[in-house]
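Examining the three-dimensional arrangement
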Amino acid sequence: MTNRSTAVPRLSWSDVCSRRLDRHGLSAPVRDGKPADAVAAMCGAHAQVLSATEVSIGLRVAGATRVDVREALWREHSLVKTFGPRGTVHLLPTRELPLWTGALSAIPPSSNIMPADLRLTPEQTDEIVAAVAATLADAELTIDELSAEVAARTGPWAADPVVPAFGGMWPRWRQVMHLAAHRGALCFGPNHGRKVTYTSPRRWLPGFQPAQASDALAGLVRRYLHAYGPATPQQFAQWLSAPRRWATELFDSLAGDLEQVEVDGSPAWVRAGDTAPPPTPPHGVQLLPYFDAYTVGCHPRERLFPGPAAQRALAGGQAGNFPVLLIDGTVAGVWHQRRSGRKLHVTVEPLTPLTIAERRDLDDQVERIGESLEGKPQLTIGTVTVGGHA
């Protein structure tokens, strides 16, 4: 019988933090990198708050500013804004869109909370996705314009206002808007004034087709474990908002490509052969913005948000709703920035007193955020009075 203590590599929480910081480009910004490279390394950048996304990318790419991110999106099209993991708005590398759509469209649907008589049938869903794809093939439309076209191509049932949203009701077809993106029919276009538009990713990636599901899912697991491993199938499922049993079966099907390790005695998985401990311990201070990929994707929560950090920086157990102060890879406070013209007022609330070295690193981080957002930062150490983002 194999001795498990020698057969299973062991990593400490410190080892895990060091690996993740390095692979996210947070221990040191990547020189000569591009925004799309940083987004690929973190498996997508949450883009509900685009200014926060610009900070996430700027912290990881030496010298990058919000202009570089916007050019990557709207001029170079090396990034695409679309519905990503958990059905939330993300930036993804355009070159990886076949993998992402192949994987996301293969995730089993979650339970539908809509009343049965208001749901869409599989046939109606297919009809809507086809209508969206045809409508956006060579167009940039606002949501109202897209809704009118979808209803014209399918039927008035698609426009029935039955989906509760933000104090009003959305048309029935919008139940599957994120699914249209996951199938490659839709992505965001540039704003028309203050209005959001939608278009087809095929305009920017000629010949684009979603990858075959099994290959895409295997590729996504490998990328996820490289960025966030060691991790469990349950953590992968939470990151994707996918069924846990399905995620466990997916990991089982890839057993030959994965390897089990222990993190302070708890089992988790990495890519086969990716078990070497990092050469140096985690170090440094980072200011991660709303919904930063590191904050949202790293587990276990109780280790990433120890003690008071869980009370201060989690919203009902959900990560990302507060910008966080990270020290040596672990959450150690919260922060907030307010813009006034070119001035950036940055308030940082540490949960423990900062050392001289940590304060020096914090000053550097504030300066870097100012460079990224093209503003003049002013730092205040004190209580953050702004609540969590919805």
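Read on for an overview of the structure. All figures in this text were calculated on a predicted structure; none of them were measured in a lab. (Residues numbered from 1 in each chain as written. Predicted model: local features only at pLDDT ≥ 70, side-chain atom pairs only at ≥ 80, totals over all residues. Heavy atoms only, no water.)

1. Quick word on the pairing of strand β8 (residues 187-192)
- Bridge count between β8 and strand β9 (residues 195-199): 4 bridges; the pairing is antiparallel. Opposite F188, over in β9, you have Y198 as the bridge partner. (Pairing = 2+ DSSP bridges. Helix = DSSP H or I, 4+ residues; strand = E, 2+ residues; numbered from the N terminus.)

2. Focus on a positive patch on the surface
- Taken together, the side chains of R339, R342, K343 and K376 define a basic patch exposed on the protein surface.
- As for its position among the elements, K343 is in strand β15 (residues 343-350). (Patch = residues over 30% accessible without salt bridge, like charges linked within 9 Å, V, L, I, M, F, W, Y side chains within 5 Å. Areas by Shrake-Rupley, 256 points an atom, 1.4 Å probe, with all protein chains shown as cover. Salt bridge = Lys/Arg side-chain N within 4 Å of Asp/Glu carboxyl O. Lys, Arg positive; Asp, Glu negative; His and termini not counted. Charge placed at Lys NZ, Arg CZ, Asp CG, Glu CD.)

3. Regarding the sheet that holds strand β4 (residues 89-93)
- The 3 strands are arranged β2-β4-β3 in an open sheet whose pairing can be described as antiparallel. Both edges of this open sheet fall to β2 (45-46) and β3 (79-83), since each of them pairs with a single strand only.
- Here β3 pairs with β4 via 5 bridges, running antiparallel. By the bridge assignment, L79 is partnered in β4 with P93.
- Sitting on the sheet, helix α4 (residues 50-60) is in contact with β2, β3 and β4, with an inclination near 35° to β4.
- The strands touched by helix α5 (residues 66-74) are β3 and β4; relative to β3, the strand with the most contacts, the crossing angle is about 75°. (Contact = heavy atoms within 4.5 Å. Axes fitted to C-alpha atoms, helices over the stretch in contact; angles between N-to-C directions.)

4. Notes on the side chain of Q175
- Considering the arrangement of structural elements, one finds Q175 in the loop between β7 (168-171) and α9 (177-182).
- Excluding anything up to four places from it in sequence, Q175 contacts N112, M114, L118, R119, L120 and V163.

5. Some remarks on the pattern of salt bridges
- On inspection of all chains with the given rule, the structure shows 18 salt bridges.
- One salt bridge in this structure joins R23 and D274, with 2.7 Å as the shortest N-O distance. One end of the pair, R23, is in helix α2 (residues 13-23); the other, D274, is in the loop between β11 (266-271) and β12 (285-288), and 251 residues separate them in sequence. Here R23 matches D274 in class, with each residue buried.
- A salt bridge links R203 to E140; the nearest nitrogen and oxygen atoms lie 3.1 Å apart. With R203 in the loop between β9 and α10 (213-228) and E140 in the loop between α7 (122-136) and β5 (141-142), the pair connects residues that are 63 residues apart, well separated along the chain.
- You can call R203 partly exposed: its relative accessible area is 32%.
- Residue classification places E140 among the partly exposed residues on the basis of a relative accessible area of 25%.
- Three or more residues joined by partner-sharing salt bridges are found here, namely R19, R23 and D274. (Buried < 20%, exposed > 50% of the residue type's maximum accessible area, 1.4 Å probe, protein only.)

6. Points about the sheet that holds β15
- With respect to topology, 5 strands assemble into an open sheet ordered β12-β13-β14-β15-β16, the strand pairing being mixed. Two strands lie at the open edges of the sheet, namely β12 and β16 (376-381), each paired on one side alone. Going from strand to strand, the sheet's axes swing by 30° on average, the running direction of each strand aside.
- Looking at chain direction, β15 and β16 are connected through 6 bridges and run parallel. Bridging from a neighbouring strand, H345 pairs with Q378 of β16.

7. Focus on unusual backbone geometry
- Omega for the peptide link from G229 to P230 comes to -5°, which places this bond in the cis form.
- With respect to the helices, strands and loops of the structure, P230 is situated in the loop between α10 and α11 (233-240).
- Going from H299 to P300, the amide bond is cis rather than trans, its omega being 0°.
- Structurally, P300 can be placed in the loop between α13 (293-297) and α14 (301-304).
- Positive phi values are uncommon outside glycine, yet R86 reaches one of about 65°.

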